[in-house]
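Survey of secondary and tertiary structure
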Amino acid sequence: MNTGFTVIFRRDLLVAMRHRGDLANPIIFFFIVIVLIPLGLTPESSKLGEIASGILWVMALLASLLSLDSLFQNDYDDGTLEQIIILPQPLYFMVLAKIIVHWLVTGLPLSLLAPILGMMLSLSDEGYLVLVLSLLMGTAILSLLGAVGAALTLPLGKKALLLPLIVMPLYMPVLIFGANSVQLAVDGFSVIGPLAIMGSLLSLSLIVVPYVTAGALRLSIQG
Amino acid sequence: MPDTNIFALRNIEFHRNGNLLFSDISTSLESGDILQIEGPNGSGKTTLLRLITMALSPCLGEITWQGENVTHIREKYLKDVLFLGHQPGLNESLSVEENLIWWRRLNKSNSLTDSDALKRTGLIGYKSISCSHLSAGQLRRAALARLHVAEAKLWILDEPFSALDKEGSSELKILLLEHLSRGGIVVLSAHHDLEIKNMKRISLVSSR
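With that settled, consider the overall build of chain B. Secondary structure summary: chain B contains six helices and nine strands in total. Its C-alpha radius of gyration of 17 Å places chain B within 12% of the 17 Å reference for a compact globule of 208 residues. Buried positions account for 39% of the 208 residues belonging to chain B. Considering only contacts in chain B between residues 6 or more positions apart, those separated by 24 or more positions represent 72%.

Now for the overall build of chain A. Along the backbone of chain A there are ten helices and zero strands. Taken against the 2.2 N^0.38 rule, which gives 17 Å for 223 residues, the C-alpha radius of gyration of chain A at 18 Å falls within 12% of a compact globule. Based on the C-alpha atoms only, the size of chain A along its principal axes is roughly 55 × 35 × 30 Å. Scored against the burial criterion, the 223 residues of chain A give a buried share of 47%. Residue pairs in contact within chain A that sit at least 24 positions apart in sequence constitute 82% of those at least 6 positions apart.

What follows is about the domain arrangement of chain B. Residue and element names in this part refer to chain B. The domain architecture assigned to chain B consists of domain 1 (1-80 + 153-164 + 180-208) and domain 2 (87-152). Facing nine residues of domain 1, the contacting portion of domain 2 comprises seven residues. Among the residues forming the side of domain 1 that touches domain 2, the class breakdown is five nonpolar, one polar and three charged.

Taken together, the contact pairs 21 residues of chain A with 24 residues of chain B. Of all the elements in the fold, those that place two or more residues in the side of chain A that touches chain B are helix 1 (3-18), helix 4 (73-78) and helix 5 (80-85) of chain A. When residues in the side of chain A that touches chain B are grouped by element, the largest group, seven residues, is from helix 1 of chain A. A breakdown of the residues in the side of chain A that touches chain B according to their chemical character gives eight nonpolar, nine polar and four charged.

Thresholds applied
Residues numbered from 1 in each chain as written. Chains lettered and ligands numbered in written order. Predicted model: local features only at pLDDT ≥ 70, side-chain atom pairs only at ≥ 80, totals over all residues. Helix = DSSP H or I, 4+ residues; strand = E, 2+ residues; numbered from the N terminus. Rg over C-alpha atoms; globule rule 2.2 N^0.38 Å. Buried ≥ 20, exposed ≤ 12 C-beta atoms within 10 Å, placed from the backbone. Contact = placed C-beta atoms within 7 Å. Domains from an automatic or database assignment. Nonpolar A, V, L, I, M, F, W, Y, C, P; charged D, E, K, R; others polar.

Encoded structure:
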């Protein structure tokens, strides 16, 4: 295994564990919204069940977006990023490690928690497995694509607006295929198509994104 | 002389936002040489140091290491480079020791244990303390602990004496001299005179 990958992976996981409180933020957000929706819309399970897949997916996307800020910001502020960039190690694998850790602490718990929230929205039984599967892949793609945006906006102090603007268009296909796959499963159709597309999106971004992000990070420290 | 590490800057020129920051910077260093970069605030000292670490690339000119342009031997060159920037590069939520450990695993390092390195920087009592609880001077010392474990030949230090107390400064100076006597090369920026013999200097002038 690549040394850069393992060392940065373990380091970032350790840092994430030290900030357990922050990790809960996107999940709490996800949870609160899902609890509020039946109150605001309708508690009728047939109506909720119809829109459950879409709502779960939109909220997962927003929750993931919320967590992007932290991806590189601390390392950028304290000078660690500069140290990492000038290491005699390929930046590609170190960036990949950072993104994977980000997914492990945001996307993964979110995906595993989704069935419980699905239950609150009376999602039909057929949808659960596909919901988890599509979210597992989908949140990984979101973390990857988000990393590009996070790296590009690093040197800008206030990026609350710019970051979503950059990543939203990239997020859209993920949302469309993700929510669609769950809906198809609920309606009893085959879900192989959308899931296969998400799988290919995931593998493509897994290969390309670390390159692009590494380039953006190199640029960011030139400011 | 294959054993001498020759480091050279040739006619380095750098522009920032269309303004010339410095031009025609040339120098060459051999084993045991130390170079001090001086100049007023904003004259580009840090920029020049970052050019040397390859974090930035010069607009004109080249940097050579053992006779080869560093852009051609990036990984080999960076193995020989240690850079300590203005910011310490220490994560606040990790302890002093944890911060040292990940760094040394990714760089060529010597056999000195982490505890010994921290002992020499006077931080052994703070080994498991998280970096957010350290003072500026202690953070600087924690960053300097890397100098003890590094195998790198070329040290690039950006204001290494800032925030250090008297004792810390003299310890650092001894460390630098030891490195030079082992055949290492030091490039640093500092505002005061270090009183080291045969020191080379580059003086940058304010561009505006």
